[in-house]
Amino acid sequence: MSDGESTISDAADAVEEASNAKALDVVARSGFAVMALLHVIVGAISIALALGQPGEAEPTGAIQQLSANPWGPAVMWACVVACTGLALWQLSEATLRARHLPRRERLAKLVSSGFLGLAYGSVGLSFAGFALGLRGDSGDSTRDFTAALLSAPLGVWVLVALGLTIMGVGVYFVVKGVRRGFKEELFHFDGTRRGRIIDSLAITGHTAKGIALNLTGLLFVIAAGKHRPEESTGLDGSLKALRDHPFGPYLLLAIGAGFICYGIFALVRARFGRM
């Protein structure tokens, strides 16, 4: 190994050691708790949608619910810190901690944890927007983003790639749930009755989240194929679109219940999971 490579490796080791700090661990666990709460609220909104009630079944809709109290601004800024810490932890999982893995596993970790890091970071930005009083419609934001991409050179292919990536992450969640890939994150209750209940929640939750992500990614691909940005409406639009199909409300109920299961699992993972 050359001196330059050795210096880079030493620097990476130092940064990885810093990422293992107790403070980041606590903040990242708080981020998992925030995401757990958001999933429970999104699940409840999805069930309400299936029953014909209004609502916005995605993180911004859940954030709006959390902000509607006298302590709203303080709660929003606390959630910004928590989500930022979780995003940094996920990015360190995708890069620093994955660099010793075999090439194939390293690439899979880069895609899955890297995507989650960006997702958690965007949720943190949403919290910051609400804290500053900037409350836009998420569906409009998604359509504007899609329109901007479609008007750019190679934008159609970028949008297709984005949609396929989201669908790929959705498949990852389904496979992770079915194959119990979450066990490496939470094995504290293995062999107990409580552990079997948590496993059931995790399987249901990961599968429901994976299906929802596939629906969201599919809308991006459809918007690119038809060159119609209005087809891209994010998670909220993809779930609301289910109501127009014969068995859509029942599937929406199942996805909503699954999101609540995922939220409960994430809350347990925030307290007892591996970091």
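Right, let's get into the nonpolar core. Among the nonpolar cores identified, the biggest contains 51 residues, and Leu38 and Phe127 are the most heavily contacted of them. With eleven residues, the single largest contributor to this core is helix H2 (residues 22-50). Core analysis: the next-biggest nonpolar cluster, separate from the first, contains seven residues, Phe182, Ile198, Ala202 and Phe265 among them.

Looking at where Lys209 falls in the secondary structure, it is placed in helix H8 (residues 193-226). There is a polar contact of 3.2 Å between the side chain of Lys209 and the side chain of His39. Among residues more than four places away in sequence, those in contact with Lys209 are His39, Phe173, Phe259 and Tyr262.

Once that is clear, we can look at the pattern of salt bridges. One pass over the structure, following the stated rule, counts two salt bridges. A salt bridge links Asp25 to Arg29; the shortest N-O distance between them is 3.1 Å. Here Asp25 pairs with Arg29, and both are found in helix H2, just four residues apart, close to one helical turn. The exposure class assigned to Asp25 is buried, which follows from its relative accessible area of 18%. With a closest N to O distance of 3.0 Å, Lys183 and Asp199 form a salt bridge. Of this pair, Lys183 sits in the loop between helix H7 (155-178) and H8 while Asp199 is found in helix H8, placing the two residues 16 residues apart along the sequence.

Counting all residues, the mean pLDDT for the protein is 80, and 84% of those residues have values of 70 or more. Mean pLDDT across the elements of the protein bottoms out in helix H1 (residues 3-19) (48) and peaks in helix H10 (residues 248-272) (90). Note on residues 3-15: pLDDT is under 50 here. Beyond four places in sequence and across chains, it has six contacts.

On to empty space enclosed by the protein. In this approach a probe as big as a water molecule rolls over the atoms, and the regions it shows empty are the leftover space. Counted according to the given criterion, the structure contains two cavities of 30 Å³ or more. The volume enclosed by the largest cavity comes to roughly 230 Å³. When contributions to the lining of the largest cavity are tallied by element, the ones reaching two or more residues are H2, helix H4 (72-94), helix H5 (103-131), H7, H8 and H10. For the lining of the largest cavity, the residue count by class is eleven nonpolar, five polar and seven charged. When its volume is computed, the second largest cavity comes out at roughly 40 Å³. Forming the boundary of the second largest cavity are Lys183, Leu186, Phe187, His188, Phe189, Asp190, Gly195, Ile198 and Asp199.

Parameters and conventions
Counting restarts for each chain: residues are numbered from 1 in the order of the written sequence. Selection of residues for local features in this predicted model requires a pLDDT of at least 70, selection of side-chain atom pairs for listing and counting requires 80 or more, and totals for whole chains, interfaces and linings are taken over all residues. As a rule here, side-chain values come from all non-hydrogen atoms in the structure, and water together with hydrogens is ignored. To define a nonpolar core, start from buried Ala, Val, Leu, Ile, Met, Phe, Trp, Tyr and Cys residues and group those joined through side-chain atoms within 4.5 Å. Only protein chains enter the area calculation, which uses a 1.4 Å probe; residues under 20% of their type maximum are buried, those over 50% are exposed, and those in between are partly exposed. Strands are runs of DSSP state E lasting at least two residues, helices are runs of H or I lasting at least four, and both sets are numbered from the N terminus onward. Polar contacts here mean pairs of N or O atoms no more than 3.5 Å apart (in protein, one a potential hydrogen donor and the other a potential acceptor; neighbouring residues in sequence count only if both atoms are side-chain atoms). Note on contacts: a residue pair is in contact if any heavy atoms of the two residues lie within 4.5 Å. Throughout this description, the term salt bridge denotes a Lys or Arg side-chain nitrogen within 4 Å of a carboxyl oxygen of Asp or Glu. As a per-residue measure, pLDDT tells how confident the predictor is, with possible values from 0 to 100. With a 1 Å grid spanning the protein atoms alone, the term cavity applies to any set of points in which a 1.4 Å probe fits but cannot get out, the term pocket to an open set with protein on both sides within 12 Å along at least five of seven lines, and the term lining residue to any residue with an atom within 4 Å of a point. Grid points are joined across faces, edges and corners, and a volume is the space filled by probe spheres set on the points. We call Asp, Glu, Lys and Arg charged. Ala, Val, Leu, Ile, Met, Phe, Trp, Tyr, Cys and Pro are nonpolar, and the rest, Gly among them, are polar.

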